[in-house]
Amino acid sequence: MLHLSMFNMKKARTFVSMLLALLVTISCIPSQALAADTVSSLSFDTSASSITIYVSDDAYYLNLYATLSDSTTQTDVTDSASWKSSNTAVAKVSLGVITGVSAGTAKISATYGGYTKSITVNVEYVFDSVAITQVGSSTPANAEVKVSMGDTIEYSLVGTKSTVSSDIASEDVSWSSSNTAVATIEEGELTLLAEGTTTITAAYKGKTSKVKLTVSSPYKSITLSDTDLIEFTVGDSDYPLVALATLQDGTTSIITEDAEWTSSNTTVAKVEDGVITPGSTGTATITVSHLGATDSVTVAVRAGSQTLKLTPSKNQVMQLSDSPLTLTAQALEYSNSTTDVTSSAEWTSSDVMVATVSKGIVTPKGTGTTTITVTYKGTQRSLTVTVYPTVSDLSIDEDDQTIETYLEQTGSLPEVLAKSFSGDEVTVTSLLNWESSNESVVTVEDGKWKAVGTGTATLTGSINGYSIDVKINVSGKPLTLLVDSSTLSMIIGTEYAYPTVTLVYENGDEADVTDKITWKSSSTNLVVKSSTLKGLASSNATLTGSYLGKTVKISATIEEEVVKLVADPTSLTLNPKKSKSIKVKAFYKSGKSSIVSTKVSWSITDEAVAEFSGKNTVKALSKGTAVITGTYQSKTVTITLSVVPKLKTLVLSEKSLKLGIGETKTLKLKAFYDDGTYIDQTANAEWTSSNVSVVTVDSGILVTKAKGSASIKAKVEGKTITLRVTVK
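Residues numbered from 1 in each chain as written. Predicted model: local features only at pLDDT ≥ 70, side-chain atom pairs only at ≥ 80, totals over all residues. Heavy atoms only, no water.

A. The side chain of Thr246, seen in detail. With respect to the helices, strands and loops of the structure, Thr246 is situated in strand S23 (residues 243-247). The exposure class of Thr246 is buried, given its relative accessible area of 19%. If we ignore the near neighbours within four places in the chain, the residues touching Thr246 are Tyr219, Lys220, Ser221, Thr251 and Thr252. (Helix = DSSP H or I, 4+ residues; strand = E, 2+ residues; numbered from the N terminus. Buried < 20%, exposed > 50% of the residue type's maximum accessible area, 1.4 Å probe, protein only. Contact = heavy atoms within 4.5 Å.)

B. Structural view of the environment of Asp249. Locating Asp249 in the fold gives a position in the loop between S23 and strand S24 (252-254). Asp249 sits in the exposed class, given a relative accessible area of 60%. Of the polar contacts made by the side chain of Asp249, one reaches the side chain of Thr251; its length is 2.7 Å. (Polar contact = N/O pair within 3.5 Å; in protein donor to acceptor, adjacent residues only side chain to side chain.)

C. Expanded view of the packing of aromatic side chains. Using the criterion set out here, one finds six aromatic pairs in the structure. With 5.3 Å between their ring centres and 35° between their planes, Phe672 and Tyr678 make a pair best called tilted. With relative accessibility at 29%, the residue Phe672 sits in the partly exposed group. Relative accessible area serves as the criterion here: at 47%, Tyr678 is assigned to the partly exposed category. Here Lys564 stacks its cationic end above the ring of Phe587, 5.0 Å away from the centre of that ring. (Phe/Tyr/Trp six-rings, centres within 6.5 Å; stacked < 30°, edge-to-face > 60°. Lys NZ or Arg CZ within 6 Å of the ring centre and 35° of its normal.)

D. View of a negative patch on the surface. Judged by side-chain charge, Glu154, Glu171, Asp172, Glu186, Glu187 and Glu189 come together as a negatively charged surface patch. By relative accessible area, Glu187 is classed as partly exposed at 46%. (Patch = residues over 30% accessible without salt bridge, like charges linked within 9 Å, V, L, I, M, F, W, Y side chains within 5 Å. Areas by Shrake-Rupley, 256 points an atom, 1.4 Å probe, with all protein chains shown as cover. Salt bridge = Lys/Arg side-chain N within 4 Å of Asp/Glu carboxyl O. Lys, Arg positive; Asp, Glu negative; His and termini not counted. Charge placed at Lys NZ, Arg CZ, Asp CG, Glu CD.)

E. Structural detail: the sheet that holds strand S56 (residues 526-528). Strand order across the open sheet formed by three strands is S52-S57-S56, with antiparallel pairing between neighbours. At either margin of the open sheet sits one strand with a lone partner, and together these are strand S52 (495-497) and S56. Going across the sheet, the axis of each strand differs from the next one's by a mean of 30°, ignoring polarity. Across three bridges, S52 lies against strand S57 (residues 532-535) in antiparallel orientation. Residue pairing for S57: Glu495 is matched across the bridge by Lys534. (Pairing = 2+ DSSP bridges. Axes fitted to C-alpha atoms, helices over the stretch in contact; angles between N-to-C directions.)

F. Local environment of the pattern of salt bridges. Under the definition given, this model contains eleven salt bridges. Among the salt bridges present, the one from Glu408 reaches Lys477, with a minimum N-O distance of 2.9 Å. Here Lys477 lies in the loop between strand S49 (466-475) and strand S50 (478-483) and Glu408 lies in the loop between strand S41 (402-406) and strand S42 (410-412), a separation of 69 residues in the sequence. Among the residues examined, Lys477 registers a relative accessible area of 29% and is labelled partly exposed. For Glu559, the salt bridge is made with Lys599, and the minimal N-O distance between the two is 3.0 Å. Taken as a pair, Glu559 in strand S59 (residues 550-559) and Lys599 in the loop between strand S64 (593-595) and strand S65 (601-604) lie far apart in primary sequence, 40 residues in all. Exposure remark for Glu559: the relative accessible area of 8% places this residue in the buried category. Several salt bridges converge on common partners, so that one network encompasses Glu124, Asp128 and Lys161.

Purely spatial values, then, with no claim about function.
Structure follows, in structure tokens:
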């Protein structure tokens, strides 16, 4: 054919190009250096003015050669030239490789060393048209075709060039289906899958052909011999179904063996050629389908009995040296009668290296845990069997030897260790036989103890002649824990006793439980020792104590040692209901100092006189005196406090005076307070004269000196009263 001969011509030209390139290499002239020389002309490896290529066909390789002005030798510059197509919608070019895109004409140009060489490229389709044709037919298939499920159809593609038609190999054609759920096609072979429509497309080198398929079933319906729910019990025999198909013309045929059968849950029921085999309990849908028609039925598989009962029913523990354990299984039938199925049921062990089971007889084989399961007509029951080595020498952690608890609490038995023959330690808590010395206080069952009354009971676990004791103290229900101080001030390096903790029970009773508290520190700078606390470095920490599920927290401050405290002020005079903050400065052993006013513990000798309304604020209550004491790190400061009534007004014995020179006059000053009392403040007042050359005053005694006038003032507790004196 035409396109094949063109391909042979291209191979020949490629060979010539390679030979020329080899000659250039032998002459040792690098092509990269040619651009620096003078180019006299360019030429292609073909003398034709035009070439013809085909859409989507093999690429055409066009080589470009340059002739230098001082040489007659041609050099291949294909890879160095600049290539261009006048119409990339028709043909594309890259480094001399020309590809046909669509039918038409384009000019391919190559530029190098200031010269340009062009050639015309005609692009054609290999075929003018292509048509899908059914194999065995000489005419193209119709644009729309109706087919039935089960039909065997194979298509081919025929191409026409001018008036000549040729078969195209199916493997060279690109076949596709627009709806692969309806039909698929591969190398022309059509597979019909379901009713519906799809478009089959065949494409070859730019040309396509399409056929629209409408797929239908040859059957109106498929009907199963059983349409209602089919019920089984586990272990029932197989059950056959028959599938009857009704064709479009109304005739029928049995298609049981030809149809496809599926189960929605093969664990519950399997189906093959219409025969149902029941499995485990549950439901499944059995579906039959053939050539686009389907039908289905629901299958229910029930257990053969209501339930199973294992005896014993609880998990078991054994030693390797123990005799086999006997289990029995009973089934509760739907008639509510019971049947011993120990021998007829299926018994399994999840780990036969630990224990085997046969008809309920469990035989220990090795250490470990296995699950023993009994199955009867779809009903199961299981328990675990743990096998221990033969053990001796029981031991228990010291902290677990005594348990503190309260009423109605339950807990797991503490871990008990035993030694095996090899010397290994084995946890055998569940293997022991446990008994309580006082079941009115503590009971024990299934690996747990329960507090049923107040008092003390001893739990004893025994095996192989060995025993271990656990003491349990049961108290009333706790309400809360109280601590004698919620804060703790500590000096670095000094050990302190734990705070006193009181447990308050729900009935109101109290008990000192200081020695039973478990303490924890939030900081590594606060060390919790067996009976004391110790601070290691300056820090704030939280000390948490717990007992019987209740907790108490204490804020601890760890500091340097204080050598002296200084208070400001050192004495106070306040009116009732007035407040004053006291500032305390601490001087440490290292020479540092800091304000610790809010950390000081304060006390007052007479709490009727004053009280503390804040951490370091004192409030006067009533007239009187008291001593305030502040304590911090065993150091103290004291402040004297006087609470006096508030001065309301001052009254002089004279309102104004006229005296002669040399006279003496004694004044009296009374102070009236808000509590209704008064005091003679003559001797305590601060007396002044505005003009001492006229009148002098001392403790209320006036002495005139010369003619004139002066103002005499008396001041008490911030209040002032004035008297005008005239001397003639």
